[in-house]
Amino acid sequence: MKLSVIILNYNVRYFLELCLKSVEAAVRGVDAEIIVVDNHSDDDSCDMVKQLFPEVILIQNNENYGFSRGNNIGVARAKGEFICILNPDTVVAEDTFRKLIDFTEGKEQLGVVGCKLINGAGHFLPESKRNIPYVHVALKKILGFPKDYYANHLSENDLGEAEILVGAFMWLKRQVFNEIGGFDEDYFMYGEDIDLSFRALQQGYKNYYFGKTSVIHFKGESTLRDKHYLKRFYHAMQIFYTKHFKKYLVLDLVVWLGIKLAFWLNSPPHYKKGSVKNYILISKHSYLDLRKRWAQKLKVQHAIGKPESGAEVILDVNDLSFKDSISFIETHKNNKNTFKLLLPNSRFMLGSNDAGSRGEVICF
């Protein structure tokens, strides 16, 4: 088997359905399997997978084991030569996996590969490619100066070596994953992707950023001004430094003081959804429920074209490919539009307007 896609889910039923539909389209013609590991969700995620995706391998954990252990459980079940660790709040293009197979197959000393991630508004997520977070680099990031934290020697569309990749999308050989010991289960959430990337480098592998395919990651990276994120980030960095570098108490104190200073200088952001004046549905179908819901606010557009500024654009994935939908969002990211994806054979749409919120699901 060529590929195993491992998706760790926890209470994001609608995002998981969208993700699985995009992954199913992306593995057509590829000898692949899809594995969903559910970390004891209390929504109907598992029932949805069983009903709509009977070919998917579903592993139901009896408690929330966190990111590292949950993904390790999935990889232990995998049979593919390559594995893709994928967040459930992502959307891949139909050719994403084929492009990565072509790029990575036969490449010597292949470590971890990441791709270009964009948020639901089409903007590039800089955590797609990062540098090793030495103490001074992490401290500057905490204080709001993240330039050295990100791998800025590569542009967002480049292809080249990058030290640290993000756990929302990680591609590597299963043999390499097992050789370096998988994800360190000391990390519950955050930092495990940094640790895995770093250990791959330590063992002589080369990590790569592949900017030739775009993947939507709806949640994106939490803002630096989010106090809960700062606490989780600090704890992950504590584990990382203790494990990989000599621990200096004075440096630990400096990082701790930096976080306290960041708390004082920044307040948590408040994301406020503005009212939508107009909706544009790009579809060949007529959705009476949507017409009734938004009446005169809804305009139907039968082909892709430049939308009017400020409108919320609904992309019907019954008609458009995932690749075309991703490209459309990325192309019109600076047109003051917001975007929703309408799923094939489903009664909901979803999207995210910024990188600081998980997104919005609209059922109809």
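It should be noted that the structure appears before, not after, this text.
Residues numbered from 1 in each chain as written. Predicted model: local features only at pLDDT ≥ 70, side-chain atom pairs only at ≥ 80, totals over all residues. Heavy atoms only, no water.

Another aspect to go through is the overall build of the protein chain. The helix and strand inventory of the protein chain stands at 11 helices and 15 strands. Put simply, the protein chain has 364 residues, and 55% of those count as buried. A sequence separation of at least 24 residues applies to 75% of the contacts in the protein chain between residues at least 6 apart. Roughly 16200 Å² of accessible area belongs to the protein chain as shown, and the carbon and sulfur atoms make up 50% of that amount. (Helix = DSSP H or I, 4+ residues; strand = E, 2+ residues; numbered from the N terminus. Buried < 20%, exposed > 50% of the residue type's maximum accessible area, 1.4 Å probe, protein only. Contact = heavy atoms within 4.5 Å. Areas by Shrake-Rupley, 256 points an atom, 1.4 Å probe, with all protein chains shown as cover.)

Scanning the entire structure with this criterion turns up 16 salt bridges. Residue Asp-95 is joined to Lys-99 by a salt bridge in which the shortest nitrogen-to-oxygen separation is 3.7 Å. Judged by relative accessible area, which is 17%, Asp-95 ranks as buried. Among the residues examined, Lys-99 registers a relative accessible area of 27% and is labelled partly exposed. (Salt bridge = Lys/Arg side-chain N within 4 Å of Asp/Glu carboxyl O.)

What follows deals with the state of the cysteines. By the definition in use, this model includes 0 disulfides. In this structure Cys-84 is not part of a disulfide, and its nearest cysteine sulfur, from Cys-115, lies 7.5 Å away. Classification of Cys-84 by relative accessible area gives buried; the value is 0%. (Disulfide = S-S within 2.5 Å.)

Right, let's get into the sheet that holds strand S15 (residues 360-363). With mixed pairing, the 6 strands of this open sheet are ordered in space as S11-S10-S12-S13-S14-S15. Edge positions in the sheet fall to strand S11 (298-301) and S15, since each has one partner strand and no second. Adjacent strand axes in the sheet meet at a mean angle of 25 degrees when their direction is disregarded. In the packing of helix H1 (residues 13-26) onto the sheet, the strands contacted are strand S13 (338-342), strand S14 (348-351) and S15, and the crossing angle to S14 comes to about 90 degrees. (Pairing = 2+ DSSP bridges. Axes fitted to C-alpha atoms, helices over the stretch in contact; angles between N-to-C directions.)

Let us look at the packing of H1 against helix H2 (residues 45-52). Contact geometry for H1 and H2: axes closest at 9 Å, N-to-C directions at 30 degrees. With respect to H2, the element H1 is oriented roughly parallel. Relative to H2, the crossing made by H1 is right-handed. Contact residues: Arg-13, Leu-16, Glu-17 and Leu-20 in H1; Ser-45, Met-48, Val-49 and Leu-52 in H2. The residue inventory of the contact of H1 with H2, partitioned by class, reads 5 nonpolar, 1 polar and 2 charged. (Parallel < 35°, antiparallel > 145°, perpendicular 65-115°, else oblique. Left-handed = near helix turned anticlockwise from the far one by under 90°. Nonpolar A, V, L, I, M, F, W, Y, C, P; charged D, E, K, R; others polar.)

Relative to the helices and strands, Leu-100 resides in helix H4 (residues 96-104). Under the relative-accessibility criterion, Leu-100 is labelled buried at 0%. In sequence terms Leu-100 and Cys-115 are 15 residues apart; their C-alpha atoms lie 8.9 Å from each other. Setting aside residues up to four positions removed in sequence, Leu-100 forms contacts with Val-113, Phe-169, Trp-171 and Phe-210.

Another aspect to go through is helix H3 (residues 66-77). Since one α-helical turn is 3.6 residues long, residues separated by three or four positions face the same way. Between its first and last C-alpha atoms H3 spans 17 Å; for 12 residues at 1.5 Å apiece the expected length is 16 Å, and the two agree. Among the residues making up H3, those that are buried are Gly-66, Phe-67, Ser-68, Gly-70, Asn-71, Asn-72, Gly-74 and Val-75. Among the structural elements, strand S1 (3-9), strand S2 (32-38), strand S3 (57-60), strand S4 (82-86), helix H6 (174-179) and helix H7 (192-202) are those in contact with the buried residues of H3. (Expected span 1.5 Å × (residues − 1).)

Attention now moves to the environment of Val-36. Along the chain, Val-36 falls in strand S2. Residues Val-36 and Leu-8, 28 residues apart in the sequence, show an inter-C-alpha distance of 5.9 Å. Filtering out sequence-adjacent residues up to four positions away, Val-36 remains in contact with Ile-7, Asn-9, Leu-16, Leu-20, Val-56, Ile-57, Leu-58 and Ile-59.

Of all the 9 residues making up strand S6 (residues 110-118), 9 are buried; the element is thus mostly covered by neighbouring parts of the structure. Sheet analysis places S6 next to strand S9 (residues 206-217), joined by 7 bridges and oriented parallel. Among the inter-strand pairings, Gly-114 is bridged to a residue of S9, identified as Tyr-209.

Glancing now at the nonpolar core. Side chains of nonpolar character tend, in soluble globular proteins, to be buried together. Within the largest apolar cluster, 36 residues are counted, with the highest numbers of intra-cluster contacts made by Ile-7, Val-23, Phe-97, Phe-169 and Trp-171. The dominant element in this core, judged by the number of residues it contributes, is H1, at 5 residues. Beyond its immediate chain neighbours, meaning those up to four positions away, Phe-97 contacts Leu-3, Val-5, Val-23, Ala-26, Val-27, Cys-84, Val-92, Phe-169 and Trp-171. Within the second largest apolar cluster, 25 residues are counted, among which are Phe-15, Ala-93, Val-313 and Ile-329. (Core = buried A, V, L, I, M, F, W, Y, C linked by side-chain atoms within 4.5 Å.)

A word on the packing of aromatic side chains. The full count for this structure, using the stated rule, is 12 aromatic pairs. Measuring from ring centre to ring centre gives 6.2 Å for Phe-328 and Phe-339, while their planes differ by 90 degrees; the resulting arrangement is edge-to-face. Of the two residues, Phe-328 is situated in helix H11 (residues 322-331) and Phe-339 in strand S13; the sequence distance between them amounts to 11 residues. Given the relative accessible area of 3%, Phe-328 is considered buried. Feature note: the residues Phe-67, Phe-177 and Phe-183 constitute an aromatic cluster, connected by ring pairs. The ring of Tyr-65 has Arg-69 sitting right over it, with the charged end atom 3.8 Å from the ring centre. Positioned above the aromatic ring of Tyr-208 is the side chain of Lys-107, whose terminal nitrogen or guanidinium carbon lies 5.3 Å from the ring centre. (Phe/Tyr/Trp six-rings, centres within 6.5 Å; stacked < 30°, edge-to-face > 60°. Lys NZ or Arg CZ within 6 Å of the ring centre and 35° of its normal.)

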